[in-house]
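This is what each chain is made of:
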Amino acid sequence: AQSVSQHNHHVILSEAASLELGCNYSYGGTVNLFWYVQYPGQHLQLLLKYFSGDPLVKGIKGFEAEFIKSKFSFNLRKPSVQWSDTAEYFCAVNARGNTNAGKSTFGDGTTLTVKP
Amino acid sequence: GAGVSQTPSNKVTEKGKYVELRCDPISGHTALYWYRQSLGQGPEFLIYFQGTGAADDSGLPNDRFFAVRPEGSVSTLKIQRTERGDSAVYLCASSLGLAEYNEQFFGPGTRLTVL
């Protein structure tokens, strides 16, 4: 079974600061990796995803994430945050090529508060 | 087009009662997922459907929970003999195919409160 760990429960930054949110997963096989975001009062939505290829993936709104296989990590980054990035961020994983490939496992989320 | 919709948005019930939660996926999406999100936690997988059949129901916590998708579109999550521990936000998501390679689109959730 897979598991996901997000190290920071709550991060507070000032506008223009750089962001890095940690995500580590545990699974013995090949995985697909995702970051989802939930803005206040809105649905969960996909921020970016990694299936294969270039381990540095770019998503919407200037976010990027890097897959480091040796560290089982998929950290989310943004060089300069904005007040509008205030939201909850979830890392998720599913097993590739598996009969239960539709089953995604989520971390417990990181709440990001950006001060104007 | 319309996104995933869920009804009701809020449901308050008493311990021991039966509840049904409904999910309308995006038209044309063959895969449908149910998750449960407790306060301070991430979504927890319950079950997913590919078409009408439950492809994986390993996340259902016990036999009080059951879900159906009889025509391959709308799905209903049914909870019998509700307990206070069932209180959570129940999320539904749909995708064009299995979530392995397809983006899941989430609904707004149903907040269930069991008194």
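Figured I'd write up the structure that's included with this text. (Residues numbered from 1 in each chain as written. Chains lettered and ligands numbered in written order. Predicted model: local features only at pLDDT ≥ 70, side-chain atom pairs only at ≥ 80, totals over all residues. Heavy atoms only, no water.)

Considerations on the interface of chain B and chain A
Many analyses report the size of an interface as the accessible area lost when the parts associate.
Step number 1: Listed per partner, the contact involves 21 residues of chain B and 23 residues of chain A.
Step number 2: Carbon and sulfur atoms make up 54% of the area that chain B and chain A hide from each other, which totals about 1,700 Å².
Step number 3: Summed over the shared surface of chain B and chain A, the number is 0 salt bridges.
Step number 4: Counting only elements with at least two residues in the side of chain B that touches chain A, the list comes to strand E4 (31-37) and strand E5 (44-50) of chain B.
Step number 5: Of the residues forming the side of chain B that touches chain A, the biggest block, 3 residues, is contributed by E4 of chain B.
Step number 6: Its residues assigned to classes, the side of chain B that touches chain A shows 11 nonpolar, 7 polar and 3 charged. (Contact = heavy atoms within 4.5 Å. Buried area = accessible area lost by both parts, 1.4 Å probe. Salt bridge = Lys/Arg side-chain N within 4 Å of Asp/Glu carboxyl O. Helix = DSSP H or I, 4+ residues; strand = E, 2+ residues; numbered from the N terminus. Nonpolar A, V, L, I, M, F, W, Y, C, P; charged D, E, K, R; others polar.)

A word on the sheet that holds strand E7 (residues 65-68) of chain B
Residue and element names in this part refer to chain B.
Step number 1: The strand order across the open sheet formed by 4 strands is E1-E3-E8-E7, and the pairing between neighbours is antiparallel. What marks the edges here is a single partner per strand, and that holds for strand E1 (5-7) and E7. Pairs of neighbouring strands in the sheet enclose a mean axial angle of 15 degrees, with direction left out of account.
Step number 2: As defined by bridge partners, strand E3 (residues 19-24) adjoins strand E8 (residues 75-79) across 5 bridges and the pair is classed as antiparallel. When the bridges of E8 are listed, Val 19 appears paired with Ile 79. (Pairing = 2+ DSSP bridges. Axes fitted to C-alpha atoms, helices over the stretch in contact; angles between N-to-C directions.)

With respect to the side chain of Gln 6 of chain B
Residue and element names in this part refer to chain B.
Step number 1: For Gln 6, the position within the fold is in strand E1.
Step number 2: Separated by 3.0 Å, the side chain of Gln 6 and the backbone nitrogen of Cys 92 make a polar contact.
Step number 3: A polar side-chain atom of Gln 6 sits 2.9 Å from the main-chain amide nitrogen of Gly 109.
Step number 4: Contact partners of Gln 6, with chain neighbours within four places excluded, come to Arg 22, Cys 23, Trp 34, Tyr 90, Leu 91, Cys 92, Gly 107, Pro 108, Gly 109 and Thr 110. (Polar contact = N/O pair within 3.5 Å; in protein donor to acceptor, adjacent residues only side chain to side chain.)

Observations regarding the pattern of salt bridges
Step number 1: Following the criterion strictly, the structure yields 8 salt bridges over all chains and no others.
Step number 2: Across the pair Arg 77 of chain A and Glu 66 of chain A runs a salt bridge, and its minimum N-O distance is 3.2 Å. On the criterion of sequence distance, the pair formed by Arg 77 of chain A in strand E9 (residues 73-78) and Glu 66 of chain A in strand E8 (residues 64-68) is long-range, its members being 11 residues apart.
Step number 3: Since its relative accessible area comes to 22%, Arg 77 of chain A is described here as partly exposed.
Step number 4: Residues Arg 64 of chain B and Asp 86 of chain B are paired through a salt bridge, measuring 2.8 Å at the closest nitrogen-oxygen approach. Of this pair, Arg 64 of chain B sits in the loop between strand E6 (53-56) and E7 while Asp 86 of chain B sits in the loop between E8 and strand E9 (88-95), placing them 22 residues apart in sequence. In terms of burial, Arg 64 of chain B and Asp 86 of chain B fall into one category: buried.
Step number 5: What you see here is one network of salt bridges that share partners, running through Lys 58, Glu 64, Glu 66 and Arg 77 of chain A. (Buried < 20%, exposed > 50% of the residue type's maximum accessible area, 1.4 Å probe, protein only.)

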